[in-house]
Amino acid sequence: MGALIGRDLLSMADLTSDELYGLLQLAAALKTGTMHLQCHKILGLLFYKASTRTRVSFSAAMYRLGGQVLDLNPSVTQVSRGEPLIDTARVLDRYLDIVAIRTFDQRDLETFAAYADIPVINALTDLEHPCQVLADLQTIQESFNGLTGTTLTYLGDGNNNMAHSLLIGGALAGVNIRIAAPEGHHPLPEVVAKAQALSGDRTEITITTDPEAGVKGAQVVYTDVWASMGQEDMATSRIPIFQPYQVNEALMAQADKDAIVLHCLPAHRGEEITDGVIEGTQSRVWDQAENRMHAQQALIASLLGVE
Ligand code: CP
Ligand code: NVA
């Protein structure tokens, strides 16, 4: 994984297919304990949005590597008082070895990365959530003993970070991706084009408004909240629009009989997923959440060159 040393992960598209598979292999070895890595580096967490999984799994991953974590809560730093991002980036670059940033605008992440030499990791922006997709792919790989040729259907808001990173990650991993979303909530055309270019003719990418056709025969059924962080004012008005895309027992009956259900979490039970499905035998959401820690440990170790 030497090729990843010193690099950033701002988008899923920052990885090649080989690098992605290398990370998944390392994550699996770390999970099973066949590989132990130690470092004495410092990870900073600069999060402008709430987080349970990403914050804690990054921290746990770094502590398990023997490193330290600094939680740079914007509300108690000069960031909240308007210190320019480019100044913050150059200062934090001098103190930290690596930083994970959760923010709204992808361009802010890119600006930070342009002014900091240390590896910068996208811990979620409005555009992408690549770290989640590393864990998602690890979970699919565990469930089916491989990734190539599987079909994942994502239902709900197609124009969000999860849908975008799944499109790109699927193309890199050889997973067919179907997005079933209401009209007006489809993925950004430029992200679909990027995924298509990365896939070539290796995988199928389907964008549909039909939830039943979308899940037909799929091995992985995936959903996310209908209103992402920052879109809270749209949450109520979106419910009737997204209701047909709810992952419920009837919809699951259309998927492959061995299909698994994934959700990046947090979930709104009764909205995008029913209680019965998230608690049911096809749900892998807790393994998926656990894998955040393993996948990110592999990522941190690879970006820092830990051996
Ligand atoms: N899935 C995910 O990123 O969860 P958090 O928002 O809790 O970090
Ligand atoms: N799309 C969701 C993902 C949360 C992990 C959001 O951005 O709020």
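Above this text you will find the structure in question.
Notes on the structure in this doc start here.

Digging into helix α5 (residues 130–144)
- With 15 residues, α5 extends 21 Å from end C-alpha to end C-alpha; this agrees with the ideal 21 Å at 1.5 Å per step.
- Across the 15 residues of α5, eleven count as buried, placing the element largely inside the fold.
- Turning to α5, its buried residues number three or more, namely Pro-130, Cys-131, Gln-132, Val-133, Leu-134, Ala-135, Asp-136, Leu-137, Gln-138, Thr-139 and Ile-140.

Comments concerning the sheet that holds strand β4 (residues 120–122)
- What the four strands build is an open sheet, ordered β2-β1-β3-β4; its pairing is parallel. Of all strands in the sheet, those bounded by a partner on one side alone are β2 (68–71) and β4. Strand after strand, the sheet turns through a mean of 20° between neighbouring axes, direction not considered.
- In the sheet, strand β3 (residues 98–102) pairs with β4 via three bridges, with the strands oriented parallel. In the strand pairing of β4, Ile-101 is matched with Asn-122.
- Relative to the sheet, helix α4 (residues 106–115) contacts β1 (42–47), β3 and β4, its axis offset from that of β4 by approximately 170°.
- Of the strands in this sheet, β1, β3 and β4 are in contact with helix α12 (residues 285–304), which crosses β3 at around 135°.

Thoughts on the site of ligand 2
- Around ligand 2 sit Leu-124, Asn-160, Asn-161, Asp-224, Val-225, Ser-228, Met-229 and Leu-265, and those are all the residues in its vicinity.
- Between ligand 2 and Asn-161, the relevant distance is 2.8 Å, taken from an oxygen atom to a side-chain nitrogen or oxygen of the residue.
- Met-229 places a main-chain nitrogen or oxygen 2.8 Å from an oxygen atom of ligand 2.
- In isolation ligand 2 exposes 270 Å². Once the protein is present, 95% of that is buried.
- Among the residues making up the shell around ligand 2, the classes are represented as four nonpolar, three polar and one charged.

Describing the site of ligand 1
- Surrounding ligand 1, one finds Ser-51, Thr-52, Arg-53, Thr-54, Arg-102, His-129, Gln-132, Cys-264, Leu-265 and Arg-292.
- Between ligand 1 and Arg-53, the relevant distance is 2.8 Å, taken from an oxygen atom to a side-chain nitrogen or oxygen of the residue.
- Taking His-129, its side chain carries an N or O atom lying 2.8 Å from an oxygen atom of ligand 1.
- Alone, ligand 1 offers 260 Å² of accessible surface; in the complex the protein occludes 95% of this.
- Grouping the amino acids of the shell around ligand 1 by side-chain chemistry returns two nonpolar, five polar and three charged.

Comments concerning the nonpolar core
- Leu-15, Leu-20, Leu-43, Phe-58, Leu-137, Leu-152 and Ile-300 are the most contacted members of the largest nonpolar core, which has 63 residues in total.
- Not counting chain neighbours up to four residues away, the residues in contact with Ile-300 comprise Leu-43, Phe-58, Ala-61, Met-62, Leu-65 and Ile-98.
- One finds Leu-155, Ala-259, Ile-273 and Val-277 within the second-largest nonpolar core, a separate group that totals 16 residues.

Some thoughts on the packing of aromatic side chains
- Summed over all chains, the structure comprises two aromatic pairs.
- The interplanar angle of 35° and the centroid separation of 6.0 Å between the aromatic rings of Tyr-154 and Tyr-222 together place this pair among those described as tilted. A residue pair is termed long-range when its members are at least 10 positions apart, and Tyr-154 in strand β5 (residues 151–155) and Tyr-222 in strand β8 (residues 220–223) qualify at 68 residues. For the pair Tyr-154 and Tyr-222, a shared accessibility class is recorded, and that class is buried.
- Ring geometry for Trp-226 versus Phe-242: centroids 5.9 Å apart, planes at 25°, classification stacked. Linking Trp-226 in the loop between β8 and α9 (235–242) with Phe-242 in helix α9, this pair joins segments that are 16 residues apart in sequence. Just as Trp-226 is buried, Phe-242 falls in that class too.

What counts as what
Residues numbered from 1 in each chain as written. Chains lettered and ligands numbered in written order. Predicted model: local features only at pLDDT ≥ 70, side-chain atom pairs only at ≥ 80, totals over all residues. Heavy atoms only, no water. Helix = DSSP H or I, 4+ residues; strand = E, 2+ residues; numbered from the N terminus. Expected span 1.5 Å × (residues − 1). Buried < 20%, exposed > 50% of the residue type's maximum accessible area, 1.4 Å probe, protein only. Pairing = 2+ DSSP bridges. Axes fitted to C-alpha atoms, helices over the stretch in contact; angles between N-to-C directions. Contact = heavy atoms within 4.5 Å. Near = heavy atom within 4 Å. Polar contact = N/O pair within 3.5 Å; in protein donor to acceptor, adjacent residues only side chain to side chain. Areas by Shrake-Rupley, 256 points an atom, 1.4 Å probe, with all protein chains shown as cover. Nonpolar A, V, L, I, M, F, W, Y, C, P; charged D, E, K, R; others polar. Core = buried A, V, L, I, M, F, W, Y, C linked by side-chain atoms within 4.5 Å. Phe/Tyr/Trp six-rings, centres within 6.5 Å; stacked < 30°, edge-to-face > 60°.

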